[in-house]
Structures are given as structure tokens and as C-alpha cells.
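Structure assessment
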Amino acid sequence: MRRLLAKNASLSLLLITAAVAAVSLGVMAQENASGPATHTVIIKQMRFQTAQLSVKPGDIVEWKNEDIFAHTATADNGSFDSGLINPGQSWKTVVKDAGTIGYHCRPHPNMTASIVVSGGDVSSKQSKDQQADSPVFEFPSSPQQFHPILVNFTAALLPLSFLSDVLGRMLRRQSLHNAGWWLLLYAVLITPLTVAAGWWWKHTAGPGLPSHVITVHQWLGTSLAIAFVVLLLWRWRFHKRDAAPDVAYLTVIFVTVLALVYQGSLGGMMAFGK
Ligand SMILES: [Cu+2]
């Protein structure tokens with residue numbers, strides 16, 4: 001009798017253990033099904049894609065850098081900071097509290113995006129994002145705004161100076177040669193500012209720039225600014241006696257224009273990717 005009771009008791013214990021195990025397994029499976037998800041933000045061409053990511057508390061957000069620059073994902077409120085994510089690398093974090101977390105890239109503060117952790121106010125953030133996307137004029141204040149603006153002047157003045165002199169020779173017009181002189185003078189005056197803004201940008205961007213491309217770009221740009229001064233002195237010798245510049249001068253300025261085109265392509269490569 002006692003043996004039978006003992007046998008019954010151990011059987012019940014076994015059944016209870018099995019039931020508890022089954023229930024907890026079920027709970028675990030359920031948790032897995034609706035549990036933490038991983039969301040991926042691709043960093044490409046100086047943008048976070050998706051710019052506004054919706055997640056649940058406890059979800060994992062992963063940033064994959066598919067750009068040619070190193071970037072960071074840095075929360076505006078300081079709740080996370082990836083540090084530099086090099087091209088081809090990724091970084092992830094778990095988001096906990098509900099709400100909207102804005103984040104940006106430290107080397108490129110214009111790169112902004114947000115994570116909406118459910119419970120956060122999605123609609124107001126959406127209208128704010130739409131506002132941010134519309135082209136509102138802001139006076140330039142950072143080197144990454146100054147440099148591309150100044151580049152336009154350098155890039156226009158030098159080829160136009162060359163073109164004016166070529167047309168002046170073809171049409172035998174002194175006024176076109178005068179234009180060629182003045183355009184070159186303006187290029188010489190504005191280009192040091194373009195170069196300075198470029199160096200300033202490089203200084204603020206830190207190690208995030210592709211080292212090979214930026215090295216060529218920075219020294220070619222600086223050399224071009226110096227070459228323009230030499231060209232101006234050469235051009236002055238023709239201008240002071242109202243003469244048309246000779247073929248040697250035109251050949252050198254043409255090569256300089258080609259170097260400027262190459263310089264622009266390097267800049268575009270860094271700004272927009274290949
Ligand atoms: Cu960046």
C-alpha cells in the first residue's frame with residue numbers, strides 16, 4: 001500500500017514537471033514569435049535609410065554602413081552612440097523606452113533620422129520630417145555648405161576664362177580677351193577661399209573621409225589654387241600689351257581645366273559615392 005502511494009506520488013510529480021515544462025516551452029515559443037525583432041538601417045550616399053524607423057520596445061536596430069565614408073549613429077538625447085562605423089561594418093543596439101529618438105551622424109550633422117518606438121507620437125514626427133525635407137533656405141554656416149558653393153565659382157570662372165581667350169582668337173575680339181583676363185583674376189581671388197573651406201571641412205569631418213581620395217583631392221586642390229596664380233602672372237604679360245595669349249598659354253590652361261574636372265569628379269565621388 002505504501003509502495004503504491006509512493007509510486008502514485010512520483011507519477012504525479014512527473015506529470016506536473018512535464019506540464020510545467022510544456023507550458024514554459026509554449027510561452028518561450030510565443031515570446032520568440034512576437035519577441036524582439038531586428039531592424040536594419042542602411043547608411044548609403046550620406047543618408048540613413050529608412051529615415052524614420054518604427055520599432056517596438058526591446059527591438060534591435062542595426063546600422064549597416066554601405067557608404068564610402070565612416071559614419072556614426074548618435075542619439076540626439078545621448079541614449080546611444082555607435083562611434084565611427086567604417087564602410088562595410090555595422091553596429092547594433094537595443095531600444096527600450098517608447099518615444100521618438102532622433103539621431104544623427106557626428107562627422108556629417110546634416111545626416112539625421114529617427115526611430116519611433118511604439119507609443120511614440122508618429123504623426124507629429126512625420127510632419128516634422130516632411131518640413132525638414134523641403135528645401136528651406138538657410139544661410140550657410142558650416143564648411144560642408146561653404147565648400148560646394150565656392151567650388152561652383154572656381155569651376156565656372158576658369159573654363160570660361162579659357163573659352164573667352166579661345167573665342168577671342170577665333171573671332172579676333174579684344175573684348176573677349178579682356179573677359180578672359182578678368183575671369184581668371186576672379187578665379188584666382190575666390191579659389192583660396194574654396195581651398196580653405198575644403199581644408200576646414202576635412203578638419204571637421206575627422207577620419208571619416210576615404211583616405212586615398214581625400215589625399216589626392218586636398219593636394220590637387222591646393223596645387224590648383226597656386227597654379228592659378230602662376231597662370232594669372234603669365235596671362236598678365238599678354239593683357240598689359242592688349243595681346244592675344246599664345247598657344248603655349250592656352251595649352252597649359254586647357255590642361256589645368258582638365259585637372260579641375262578631375263578634381264570635381266573626386267569631390268563628387270566623396271559626396272555622393274561612386
Ligand atoms: Cu556621416
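This write-up is about the structure you can find in this document.

The rules behind each value
Residues numbered from 1 in each chain as written. Predicted model: local features only at pLDDT ≥ 70, side-chain atom pairs only at ≥ 80, totals over all residues. Heavy atoms only, no water. Salt bridge = Lys/Arg side-chain N within 4 Å of Asp/Glu carboxyl O. Helix = DSSP H or I, 4+ residues; strand = E, 2+ residues; numbered from the N terminus. Buried < 20%, exposed > 50% of the residue type's maximum accessible area, 1.4 Å probe, protein only. Donors = N, O, S within 2.8 Å, 3.2 Å for Na, K, Ca; no water. Core = buried A, V, L, I, M, F, W, Y, C linked by side-chain atoms within 4.5 Å. Contact = heavy atoms within 4.5 Å. Patch = residues over 30% accessible without salt bridge, like charges linked within 9 Å, V, L, I, M, F, W, Y side chains within 5 Å. Areas by Shrake-Rupley, 256 points an atom, 1.4 Å probe, with all protein chains shown as cover.

1. A word on the pattern of salt bridges
By the definition in use, this model includes two salt bridges. Residues Arg106 and Asp81 are paired through a salt bridge, measuring 3.1 Å at the closest nitrogen-oxygen approach. Placement of Arg106 in the loop between β7 (99-104) and β8 (112-117) and of Asp81 in the loop between β5 (74-75) and β6 (90-94) is noted, with a sequence separation of 25 residues between them. Arg235 serves as the salt-bridge partner of Asp165, at 2.8 Å between the closest nitrogen and oxygen. Taken together, the residues span a long stretch of sequence, with Asp165 in helix α3 (residues 143-171) and Arg235 in helix α5 (residues 211-239) at a distance of 70 residues. For Asp165, a relative accessible area of 0% translates into the label buried. Note on Arg235: relative accessible area 0%, which makes it buried.

2. Structural notes on the coordination of the copper ion
Around the copper ion, the donor atoms from the protein are His71 (ND1), Cys105 (SG) and His108 (ND1), and they sit 1.9 to 2.1 Å away. Each donor residue of the copper ion lies on one chain, and together they are spaced H-x33-C-x2-H. Here Cys105 matches His108 in class, with each residue buried.

3. Quick look at the environment of Val166
Note that Val166 resides in helix α3. The class of Val166 is partly exposed, set by a relative accessible area of 24%. With 14 residues separating them along the chain, Val166 and Gly180 place their C-alpha atoms 9.0 Å apart.

4. Here we look at the nonpolar core
Ranked by internal contacts, the top residues of the largest apolar core, which has 19 residues, are Phe48, Val61, Trp63, Phe80, Tyr103 and Ile115. Secondary-structure elements contributing two or more residues to this core are β1 (38-44), β3 (52-55), β4 (60-65), β7 and β8. Ranked by the residues each element gives to this core, the list is headed by β8, at three residues. Leaving out residues up to four positions away in the same chain, Phe80 has contacts with Trp63, Ala73, Thr74, Ala75, Trp91, Thr93, Ile101, Tyr103 and Ile115. Membership of the second largest hydrophobic core comes to 16 residues, among which are Leu184, Leu185, Leu224 and Val257.

5. Comments concerning a nonpolar patch on the surface
There is a patch of nonpolar side chains on the surface, built from Leu160, Leu163, Leu167, Met170 and Leu171 and spanning about 470 Å² of accessible area. Mapped onto the fold, Leu163 is located in helix α3.

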